[in-house]
Every structure is written in C-alpha cells, then in structure tokens.
2 protein chains.
Amino acid sequence: MKLDILGCYAATPRSLTNPTSQVLTMQNQMFLIDCGEGTQVQLRKNKIKFGKIEHIFISHLHGDHFYGLIGLISTFMLLNREKELHVYGPKGIKEVILLQLKLSKAWTPYPLYFHELTSTQPEKIYENEKLSVETIPLKHRVYTNGFLFKEKQGDRKLLVEEARKYKIDVALFKSLKKGKDVISEEGKLIKNELVTESGDAPKSYAFCSDTVFSEEIIPQLSNIDVLYHESTFLQEQLKLTDPTKHSTAMQAATIAKQANVKQLILGHYSTRYPDIKLFKIEAEQVFPNVLLAEDGKTLEF
Amino acid sequence: MKLDILGCYAATPRSLTNPTSQVLTMQNQMFLIDCGEGTQVQLRKNKIKFGKIEHIFISHLHGDHFYGLIGLISTFMLLNREKELHVYGPKGIKEVILLQLKLSKAWTPYPLYFHELTSTQPEKIYENEKLSVETIPLKHRVYTNGFLFKEKQGDRKLLVEEARKYKIDVALFKSLKKGKDVISEEGKLIKNELVTESGDAPKSYAFCSDTVFSEEIIPQLSNIDVLYHESTFLQEQLKLTDPTKHSTAMQAATIAKQANVKQLILGHYSTRYPDIKLFKIEAEQVFPNVLLAEDGKTLEF
C-alpha cells in the first residue's frame, strides 16, 4: 500500500504548496482522491503513470478539492485515453463537468461514468475481488464524504515443501491457497492448515477531509491501518474550527487514538502556519504514530 | 506598456509549461487575458499584484484558456477582495462560474460582473478616459475573440519655459495640455502649438489566440504596435492547421507583415516541439521583428 501526496494544503494553491490531492496504490490499483487545481501537473511532477487511474473519489465540491478535475478529464481526452474512468462525488459533479465539456464542444473518447453520492450513511461505492471502498460521512460546510479503502483477506500462503511431503498434486495448489482441504495422491484427506499459513493481513486506509471533529466516525475507523485526518488548525485556533467546520491536529490525534488506528497522517494545513512540524508536535501529545503529509511525499505501509 | 507572459503553451499544463494567460499593463491598469489552469499560481510566482486586476478577458471556452478562472475568482474571495471584478468572455461563462460557486455554497463578497460576448463583428467592450478594448472576431473550433487594447491620445506636453515667456497664467496650463489656445496675462491669444508639443504616441496591443490563419483580421490590426498571434505549429505541420483551426509561425508572421505591425510576439506553441526557437526562425523569413513568448517573461514596449 502506497500513498503519493500531491497536495495537502487548505484553500488556495500557492507557488510552493498545492491543494488536496493524493494517489492511493492498493493491490496494484491506483485511486485518485480529491483533485484540486494543478493536480495534473503534480501527477506529472511526481512521475505517476496517471493513465492507470480508473477511479477518482471527490470528497466535496469546494474548489481546493475538485477544481483540477475538469483539467485532468480534458487531458485524458488529449492523450486519447480509451479506458473507462469512474468519478465518485457529491451530486452536482456530473452537471458541472458536462457543462464545461459542452461549452468547449468536447466529449471524452473514453467512457466516463459519474457515481453521484447523496447518502448521509456509510455506503459501499466500489468493490472488486481484492478490495472495497466505502464512504465515511463527514461534517463540513457542504455535503462531504471521506473514503475507507479496505483490502480483502487474500489467499493463504502455500507451504510447498509440506504439500509435497503430503503428496498433494500440483493441480490442487490453487484450492489450498483458497483455504480448502484436499485429498492427497494416497487418498488421504489433508487438512488445509497442515500445508498453508495465513496470507498477509489485509490493509486499510481512510481519508477524512474536510471535517469538523466528530466522534461519530470512530466506529467505522476502528483498528484500521492508516488514517489521513485533516488538521487545518492548531489548538491555538480552536475557536475557528466550528465556524469553518475544520479540525485541529489534536482533534485528529484524538480520533486516531479512540479508533485505535495504527498510523495517523496529518494534512490540509491552513497556509497561515509557516512550520508544519507544530502539527506533529501537537498531535503526538495524544497519539504516538503521527506522520506529516507533504506535497510530493510518498508514504509506504 | 508591459506584458507579463504567465503561460504560452497549447493544450495541457505540464511540469514546466503553462497554458495561456498573460497580464497586460497599460496606462497603469492591469488586464488579465485568458486564464488557463494554474494561472493564479503563475501570478504569484511572477510576483504580480493580482489584486489590482479589475478586468479579465477570456478569448474562448477551451480549457487551456479558462479552467483557471474559477480558482482565481475563489481566491479573490478568500483574500476578501472588495473591488469590482469584470469578466468578458463567450456566452456560457457566467453559467459555468456561478454553478461552481453554487455547488460550493459560496458567493463573492465583491461585485462580480459578467459581460458575455456573442457578436461576430468587432465591438468595443470596455472604454475609459485613457484606453479602449475591442474584440477581434477569430476563427477557431468554438466561438473565439481576440482583444485589441488601444491607448487614447494623451495630453500634449507643456513647454513650461515657453509658456512663461508668453506670460501664461499657471491656471491655464491644464487647458494647454488639452490642446486649447489661451489668452496670456497681456491679453494676447496664444496658439497652443507655440507652447506645447505632441504627447507620447498612443500604443496598441492585440491578442489573437486561438485562430486559424485569417486575413479578415488584418484591417483591424493595421499599424498597431504589438501583435501577439498564436503559432501552434510550424509550416511542417501545415496540414494540421485546418482541422484544428490553428496557425503556423509563418502564417502569424504573414498577418504581422500585411497589417504592418511594429512587433510580433509568437505563442501558443504545441508541446510537440522541444525547441521554440524554430518558431522565431520560421517567422523571421517573412517578418523581421519577432519575439518569442516564454512563461514568466516580461516584455516592455
């Protein structure tokens, strides 16, 4: 599991900082999460093979999270993309993208699907053999969702030497990996656990931005591996969190602690702070495993 | 007259090149012409006091000329702009900007006026005491206008020593600058030309992008000072100009020559060419005074 941070600052793009966008690579699939202005340039600068992206998740329709989407969709057009592209985001996203294409008399040569979200309850919005994605309803000034990516339990690991010892035909190895018991060449029933061990633990990643501090999301985040939680402010500016519906670093850490996640990543910093290290220091007062998102940083888990 | 090139490449923004946008400073007013994705970052990188911009001119609704507009309008909002902002562009521009503001439940705290263009004839769209702006109808795949900025003839220059010699009261100096004859303290009629000389010649700048080669624009460009004319291609790719409705460097130079302009600036280069010097070499075969636009370059005239 790999996370490429393309942008992790709040509000307006500046010379050296970018609004929210990140690429999650899970089970060899690339997922783009949010797409602020300049995302396509950040994808290029970070040498990400962005033609491989098939699913884009947009948390909410504030500009710093989606103004780069129409540009990326247009660039896929210029690059003669043929592969399907799926966009998941709040109701309205389809209208605004299609209006812009219409005004430029353009259409995508590739199938472009919109999955508009309106539910205020968690819902599974994507699933394949290896992973699933569900929404995490957040509390912000406009309708907003976080996204929870969960790998499924993979195959069991075959202990080849053991399997040979029990004289199991190679043709049955696939069944063993799927956890089934098999019959050996000698006609004996071989219990699966004798010749396999459990596979890698499935990983999970939650993206929660933008949101005011809300304990309601904790059950959904319980025991996940990695949580990206916005921390627009430090506690010093706590009074700004309610009117703006944003969180502090300490509040993000509180969610991480109560949900018992393994790793917290902070981001969506207000550009008022010259030194983002302060976010880490503040969060670590509550929760030990804190990483700071930084534009251009790749995190592997 | 000063021109800051923020971006001058066709199609998609890349790590080192930006789509079309430029700031013309004329008579101490700043005009933004086109606004591709990333324009607001380019404004910051080039240290342009962009809060001073009051008029934005959008040539057409292809993404590389206007996808940065909503971001800039939003940033003006975050910066608590109070000053009026006027946007001139093809019909549809108002709908797409207002839809995006509506979806983010935002409104501008400053008055935002849209001047939607539909005419296929040149029309004066802005005028004040010192200059005027008119459209230059262009031929592209969608409805497109260039823009012609013309200074008005300024005041005459007062020859102070001469005026004193003729015993003209200081209170009449303003009338002299306006070209009027005056009566001296001795009661004599003093002809204006005796105590003034003509002021600076008014300057003119035309922005023509995007367009196929079209001699119809030549009369309007006749004898202007500076012409920015798109040159997406070199003559080698001449066959691409008709389907895409773009021009070559040589065609841009032909327009410049036939219109007898003083200076040609080339831009809107296709990103297929690794070396833009070839555009200058090609254009100079037809017209001598050629400058190459480059992102981040400031040109003074």
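Residues numbered from 1 in each chain as written. Chains lettered and ligands numbered in written order. Predicted model: local features only at pLDDT ≥ 70, side-chain atom pairs only at ≥ 80, totals over all residues. Heavy atoms only, no water.

**What about the overall build of chain A?**
Our working definition: Helix and strand definitions follow DSSP, with helices as H or I runs of at least four residues and strands as E runs of at least two, each counted in order from the N terminus. Here, two residues are considered to be in contact whenever any of their heavy atoms come within 4.5 Å of each other. Residue burial considers only the protein chains on display, and all accessible areas are found by Shrake-Rupley using a 1.4 Å probe. In summary, the charge assignment counts Lys and Arg as positive and Asp and Glu as negative, without counting His or the chain termini. To locate a charge, take NZ of a lysine, CZ of an arginine, CG of an aspartate or CD of a glutamate.
Per the secondary structure count, chain A includes 10 helices and 18 strands. Projected onto the principal axes, the alpha-carbon positions of chain A cover approximately 70 × 55 × 35 Å. Long-range contacts, defined as pairs at least 24 residues apart, comprise 64% of the intrachain contacts of chain A with a sequence gap of at least 6. Accessible surface, chain A as shown: approximately 13,300 Å² in total, 50% of it carbon and sulfur. Here chain A contributes 39 positive and 37 negative side-chain charges, whose respective centroids are spaced 3 Å apart.

**Quick word on the UniProt feature "active site" (unreviewed entry) in chain A**
All names here are of chain A. Selection rule: UniProt positions are given in the numbering used here, feature names are shortened, and annotations may be inferred rather than shown by experiment. Polar contact is the term for a pair of N or O atoms within 3.5 Å; when the atoms are in protein, one must be able to donate a hydrogen and the other to accept it, and sequence-neighboring residues count only if both atoms are side-chain atoms.
UniProt's entry tags Asp64 with the feature "active site" (unreviewed entry), counted in the numbering of this structure. Of note, Asp64 is situated in helix H2 (residues 63-66). Among the polar contacts made by the side chain of Asp64, one reaches the main-chain amide nitrogen of Ala11 at a distance of 3.0 Å.

**As for the pairing of strand E15 (residues 226-230) of chain B**
Residue and element names in this part refer to chain B. Note the threshold: For every residue, the accessible area obtained with a 1.4 Å probe (protein chains only) is divided by the maximum for its type, and the residue is called buried under 20%, exposed over 50%, and partly exposed between those limits. Two strands pair if DSSP finds at least two bridges between them.
Here E15 lies mainly inside the structure; five of its five residues are buried. The alternating pattern of E15 places Val226, Tyr228 and Glu230 on one face and Leu227 and His229 on the opposite face, and all of these are buried. Pairing of strand E14 (residues 204-208) with E15 involves four bridges; the strand directions are parallel. Residue pairing across strands places Cys208 opposite His229, the latter belonging to E15.

**Section: helix H11 (residues 277-284) of chain B**
Residues and elements named next belong to chain B. Selection criterion: Throughout, the arc means the angular range of directions from the helix axis out to the C-beta atoms.
Buried residues of H11: Phe279, Glu282 and Ala283, and no others. Along the axis of H11, the buried residues cluster in a sector spanning 95 degrees; they form a single face. Across H11 from its buried face, at more than 90 degrees, point the exposed residues Lys277 and Ile281. If you follow the buried residues of H11, they end up packed against helix H10 (249-258), strand E16 (263-267) and strand E17 (290-292).

**A word on the pairing of strand E7 (residues 124-127) of chain B**
If a strand is regular, its side chains alternate between the two faces of the sheet. All names here are of chain B. Across three bridges, E7 lies against strand E8 (residues 131-138) in antiparallel orientation. Residue pairing in the sheet places Glu127 in a bridge with Ser132 of E8. Linkage of E7 to E8, two consecutive antiparallel strands, is achieved through a turn of three residues.

**What about the side chain of Asp34 of chain A?**
All names here are of chain A. Just so we agree on the cut-off: Within this document, salt bridges are pairs made up of a side-chain nitrogen of Lys or Arg and a carboxyl oxygen of Asp or Glu, the two lying within 4 Å of each other.
Residue position: Asp34 is located in strand E3 (residues 29-35). Within the buried core, Asp34 has no salt-bridge partner, and the shortest N-O distance to an opposite charge, that of Arg141, equals 13 Å. At a separation of 2.7 Å, a polar atom in the side chain of Asp34 contacts the main-chain amide nitrogen of Ser59. Looking at Asp34, its side chain comes within polar contact range of the side chain of His65, at 2.6 Å. Ignoring anything within four residues of it in the chain, the contact list for Asp34 reads Thr20, Ser21, Gln22, Phe57, Ile58, Ser59, His60, His65, Phe207 and Ser209.

**A closer look at the packing of helix H3 (residues 69-78) of chain B against helix H4 (residues 93-103) of chain B**
All names here are of chain B. Test applied: Between N-to-C directions, angles cover 0 to 180 degrees, with each direction set by a line fitted to C-alpha atoms, over the stretch in contact for helices. For classification, angles of less than 35 degrees are called roughly parallel, those exceeding 145 degrees roughly antiparallel, those between 65 and 115 degrees roughly perpendicular, and all remaining angles oblique. Helix crossings get a hand from a simple test, with the near helix turned counterclockwise from the far one by less than a right angle marking a left-handed crossing and a clockwise turn marking a right-handed one. Three classes are used, and their members are as follows: Ala, Val, Leu, Ile, Met, Phe, Trp, Tyr, Cys and Pro are nonpolar, Asp, Glu, Lys and Arg are charged, and the others, Gly among them, are polar.
Viewed as axis vectors pointing N to C, H3 and H4 meet at an angle of 50 degrees, and their least axial separation amounts to 10 Å. As far as their axial angle goes, H4 and H3 are oblique. Here H3 and H4 pass one another in a crossing that is right-handed. Facing Leu69, Ile70, Ile73 and Met77 of H3, the residues of H4 in contact are Ile93, Ile97, Gln100 and Leu101. The class makeup of the residues in the contact of H3 with H4 is seven nonpolar, one polar and no charged.

**Topic: the domain arrangement of chain A**
Here is the rule: Source of the domain bounds: an automatic or database domain assignment.
Its domain assignment divides chain A into domain 1 (2-154 + 200-300) and domain 2 (157-197). Relative to domain 2 of chain A, the C-alpha centre of domain 1 of chain A lies at a distance of 43 Å.

**Quick word on the packing of aromatic side chains**
Pairs of aromatic rings are described using the distance from one ring centre to the other and the angle between the two planes. Residue and element names in this part refer to chain A. For the record, the criterion: Ring pairs shown here join Phe, Tyr and Trp side chains whose ring centres sit within 6.5 Å, with only the six-membered ring taken for Trp; geometry is labelled stacked below 30 degrees between planes, edge-to-face above 60, and tilted in between. Note on geometry: a ring has a charge over it if NZ (lysine) or CZ (arginine) is within 6 Å of the ring centre and within 35 degrees of the ring normal.
The full count for this structure, using the stated rule, is 28 aromatic pairs over all chains. Every member of this aromatic cluster is reached through a ring pair, and the members are Phe31, Phe57, Tyr88, Tyr126, Phe147, Phe149 and Tyr205. The ring centre of Tyr110 lies 5.5 Å from the NZ or CZ of Arg81, which sits over that ring.

**Regarding the relation of the copies chain A and chain B**
Selection rule: Superposition of the copies was done by least squares, using only C-alpha atoms of residues whose pLDDT is at least 70 in both.
The two copies are related by a screw motion: chain A maps onto chain B through a turn of 180 degrees and a shift of 0.0 Å along the axis, at an RMSD of 0.0 Å. Within this description, the copies of the chain are treated as partners about a two-fold rotation axis. Using C-alpha coordinates, one finds that chain A approaches the rotation axis most closely at Gly38 of chain A, a distance of 3.0 Å. A high fraction, 100%, of the interface residues of chain A reappear at the interface in chain B, so the copies pair face to face through one surface.

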